[in-house]
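Here is how the chains run, residue by residue.
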Amino acid sequence: MPSARLLGQSLLSGVLVGGLYALMGVGLSLSWAFLRLINLAHLALVFFAAYLTYALAEGAHLSPFLAMALLVPLFFAIGVALQWLFARFKVDEFASVLATFGMMVIVESVIQSIWTADFRRLGTPLSTASWRVGPIFVPVSETIMFAVAVALLLAIWAWLRFTYVGKAMRASAENAPIAASFGVDHARLSLLMPGIGGASAAVAGGFIALIATLAPSQIYAWVGVIFATVIMGGLGNPLGILAAGLLIGI
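Reading the values: the criteria
Residues numbered from 1 in each chain as written. Predicted model: local features only at pLDDT ≥ 70, side-chain atom pairs only at ≥ 80, totals over all residues. Heavy atoms only, no water. 1 Å grid on protein atoms, 1.4 Å probe; cavity = no way out; pocket = protein on both sides within 12 Å on 5 of 7 lines; lining within 4 Å. Points joined across faces, edges and corners; volume = space filled by probe spheres on them. Helix = DSSP H or I, 4+ residues; strand = E, 2+ residues; numbered from the N terminus. Nonpolar A, V, L, I, M, F, W, Y, C, P; charged D, E, K, R; others polar. Buried < 20%, exposed > 50% of the residue type's maximum accessible area, 1.4 Å probe, protein only. Arc of directions from axis to C-beta. Pairing = 2+ DSSP bridges. Contact = heavy atoms within 4.5 Å. Salt bridge = Lys/Arg side-chain N within 4 Å of Asp/Glu carboxyl O. Axes fitted to C-alpha atoms, helices over the stretch in contact; angles between N-to-C directions. Left-handed = near helix turned anticlockwise from the far one by under 90°. Phe/Tyr/Trp six-rings, centres within 6.5 Å; stacked < 30°, edge-to-face > 60°. Core = buried A, V, L, I, M, F, W, Y, C linked by side-chain atoms within 4.5 Å. Patch = residues over 30% accessible without salt bridge, like charges linked within 9 Å, V, L, I, M, F, W, Y side chains within 5 Å. Areas by Shrake-Rupley, 256 points an atom, 1.4 Å probe, with all protein chains shown as cover.

Asks: Kindly report on empty space enclosed by the protein, identifying the contributing residues and their values.
Replies: Overall, the coordinates contain 1 cavity of 30 Å³ or more when judged by the stated rule. There is about 120 Å³ of room inside the largest cavity. Around the largest cavity sit 15 residues that line it, and Ser31, Asn39, Gly79, Pro194 and Gly198 are the ones nearest its centre. Going through the elements one at a time, helix H1 (4–35), helix H2 (41–59), helix H3 (64–88) and helix H9 (186–211) are the ones with two or more residues in the lining of the largest cavity. Split into classes, the residues belonging to the lining of the largest cavity amount to 7 nonpolar, 8 polar and no charged.

Asks: So what about the layout of surface pockets? Which residues, and what values?
Replies: Empty space within the largest pocket amounts to approximately 340 Å³. Around the largest pocket sit 18 residues that line it, and Leu35, Gln83, Ala87, His186 and Ser190 are the ones nearest its centre. Counting only elements with at least two residues in the lining of the largest pocket, the list comes to H1, H3, helix H7 (164–174) and H9. Per-element accounting of the lining of the largest pocket gives the leading share, 5 residues, to H3. Across the lining of the largest pocket, the residue classes tally to 11 nonpolar, 4 polar and 3 charged.

Asks: Which residues make up helix H11 (residues 223–233), and what values go with them?
Replies: Turning to H11, its buried residues are Val223, Ile226, Thr229, Val230 and Gly233. Taken down its axis, H11 places every buried residue within 135° of arc, on the same side. For H11, the exposed residues lying more than 90 degrees away from the buried face are Gly224 and Ile231. Looking at the residues trailing H11, positive phi occurs at Gly234, about 95°.

Asks: Kindly report on the pairing of strand S2 (residues 136–139), identifying the contributing residues and their values.
Replies: Two elements, strand S1 (residues 130–133) and S2, share 4 bridges in a ladder whose sense is antiparallel. Each bridged residue has a counterpart across the sheet, and for Arg132 the counterpart in S2 is Phe137.

Asks: How would you sum up the environment of Thr116? Please name residues and give values.
Replies: Mapped onto the elements, Thr116 comes out in the loop between helix H4 (93–115) and helix H5 (125–128). Overall, the relative accessible area of 33% leaves Thr116 in the partly exposed class. For the pair Thr116 and Asn39, spaced 77 residues apart in sequence, the C-alpha separation works out to 25 Å. Sequence-distant contacts of Thr116, defined by excluding residues within four places in its chain, comprise Ile111 and Pro216.

Asks: Can you break down the pattern of salt bridges residue by residue, with the values?
Replies: Throughout the structure, instances matching the rule amount to 1 salt bridge. A salt bridge links Arg188 to Asp185, with the nearest nitrogen and oxygen atoms 3.9 Å apart. In this structure Arg188 comes out as exposed when scored by relative accessible area, which is 64%.

Asks: Now, about the packing of H3 against H9: what can you tell me, with residues and values included?
Replies: In contact at an axis separation of 7 Å, H3 and H9 are set at 145° when each is read in the N-to-C sense. Two packed elements cross with a definite hand, and for H3 against H9 that hand is right-handed. Looking at the contact of H3 with H9 residue by residue, the classes come out as 18 nonpolar, 6 polar and no charged.

Asks: Break down the packing of aromatic side chains for me, with residues and values.
Replies: Applying the stated rule across the entire model yields 8 aromatic pairs. Their ring planes at 50° and their centres at 6.2 Å tell us that Phe48 and Phe75 sit as a pair that is tilted. Here the residue Phe48 occupies a position in helix H2, and Phe75 occupies one in helix H3, the gap between them amounting to 27 residues. The exposure class assigned to Phe75 is buried, which follows from its relative accessible area of 0%. Each ring, one from Phe101 and one from Tyr220, has its centre 6.5 Å from the other, and the planes form 50°; the classification is tilted. Taken together, the positions of Phe101 in helix H4 and Tyr220 in helix H10 (residues 218–221) put the pair 119 residues apart, joining distant regions of the chain. Judged by relative accessible area, which is 40%, Phe101 ranks as partly exposed.

Asks: So what's going on with the nonpolar core? Which residues, and what values?
Replies: If you look at the biggest cluster of nonpolar residues, it comprises 67 residues, and the most contacted ones within it are Met24, Leu30, Phe34, Phe47, Met193, Ile208 and Ile226. Beyond its immediate chain neighbours, meaning those up to four positions away, Leu30 contacts Leu35, Ile156, Leu160, Met193, Ile196 and Gly236.

Asks: Explain a nonpolar patch on the surface to me, and be specific about the residues and the numbers.
Replies: On the surface, Trp84, Leu85 and Phe89 cluster together into a nonpolar patch covering about 360 Å² of accessible area. With respect to the element layout, Phe89 can be found in the loop between H3 and H4.

Take it as geometry only, folks, not as evidence of what the structure does.
Shown next as C-alpha cells:
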C-alpha cells in the first residue's frame, strides 16, 4: 500500500493539474457551445503562447507574469480575427474540425521552425519553488496557476449568468433569430467569445511555460484529455469544466 504522504502528494498534484486542464479547456468549450465551432486551433494557441512566454522571459528577461499580461490582449485579438475568418467563409461545425486541425498543424510547424524540436525549459526560481505543509510539498507556481484558473472560470461563469452581455450570448446560442428580434446582435457578440477564449489560451500557455518542459509535438498529447474535460464538464459551463478537470486530474 502507498503511504499517506504519497497519496496526499498525488492528490495535491491531481488537483493542481486539474486546474490547468480546466484553464486549457474553457476556450474550446465556449466556442463549441455558443458558436457551434470545434476550435482545435485553441490548443495550438495555448502552446504558441507558452513558447512566446518562454521567449520573452528568456530573451527579454521579463517576468513570466508580465509576459502573460502582454500576451493576453494579443491573443484576444487573435481569437477575434480567427472568428472573423470563420464567419467570413461560413465555416460550420463539421468543417471547423478540419479547418482548425489544419491551423494546429501550421502553428506546430511555425513553432518548430522558430524554436526547433528541441525541448525547452524556462529556468526561473519560481519554477522549482515550493512550500512545505507538514509532509506535503506545495509547488508555488502550480498553486498560483490553480488560483488563477479558479478565479478566471468563476469570473466567466458569473459574466455569462449575471451580465446583460452574457445573457444575450446565451439567448443567441439558444435561438439566434428570436434573440435578434429582441435587439441582440449575434454577429458582434460572436466576436467576443473567441476573444475571451484566446485570452484564456494566453494565460494557460504562460503557466505551461512556467511549470512544464516544452516541445512542439506536445500539442497533440493534450487533445484527448482536454476533450474529455470539455465533454464531461458540459459545453459552455465553466464550473462544470473546473469540476471535470479536477476529477480527471485526481
